[in-house]
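Residue-level structural notes
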Amino acid sequence: MINMAEENMESEIIEEPTETFEVLYSCLRCGTNVSNTELFRLPEIKCICGFRVFTKVRPPVVKTVKAI
C-alpha cells in the first residue's frame, strides 16, 4: 500500500523547464556590461562606478520587415 502511494506522488511531480533570458545592460557613464542577474543580486541597482543609469545592449543584427 505504501509503494502505491509513493508511485502516485512521483507521477504527479512534473518539472517544467524555466526560460531564463540573459539581458545585458551597459552603464551610460563607463560602458561596463552587466547582466540582469548580477544587477538584481545587489541591494540597489548601481554600476561599479556609482552611476545608476543603464541602457539595454541590443544585438547588432538589424531586422528587416517587408511591407505588404
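Up top is the structure these notes are about.
Described below are features of the structure shown in this document. In this text the structure is predicted, and so the values were computed from the model without any measurement.

What follows is about the overall build of the protein. Looking only at helices and strands, the protein features two helices and three strands. Taken from N to C terminus, the helices and strands of the protein fall in the order α-β-β-α-β. The buried share of the protein, reckoned over its 68 residues, is 13%. Approximately 6,800 Å² of the protein is accessible, and the part contributed by carbon and sulfur atoms is 58%.

Attention shifts here to the sheet that holds strand S1 (residues 24-27). Pairing is antiparallel in the open sheet, where three strands are placed in the order S2-S1-S3. For this open sheet the edge positions go to strand S2 (33-35) and strand S3 (54-56), each flanked by a neighbour on one side alone. Put simply, the sheet's adjacent strands are angled 40 degrees from each other on average, direction ignored.

What counts as what
Residues numbered from 1 in each chain as written. Predicted model: local features only at pLDDT ≥ 70, side-chain atom pairs only at ≥ 80, totals over all residues. Heavy atoms only, no water. Helix = DSSP H or I, 4+ residues; strand = E, 2+ residues; numbered from the N terminus. Buried < 20%, exposed > 50% of the residue type's maximum accessible area, 1.4 Å probe, protein only. Areas by Shrake-Rupley, 256 points an atom, 1.4 Å probe, with all protein chains shown as cover. Pairing = 2+ DSSP bridges. Axes fitted to C-alpha atoms, helices over the stretch in contact; angles between N-to-C directions.

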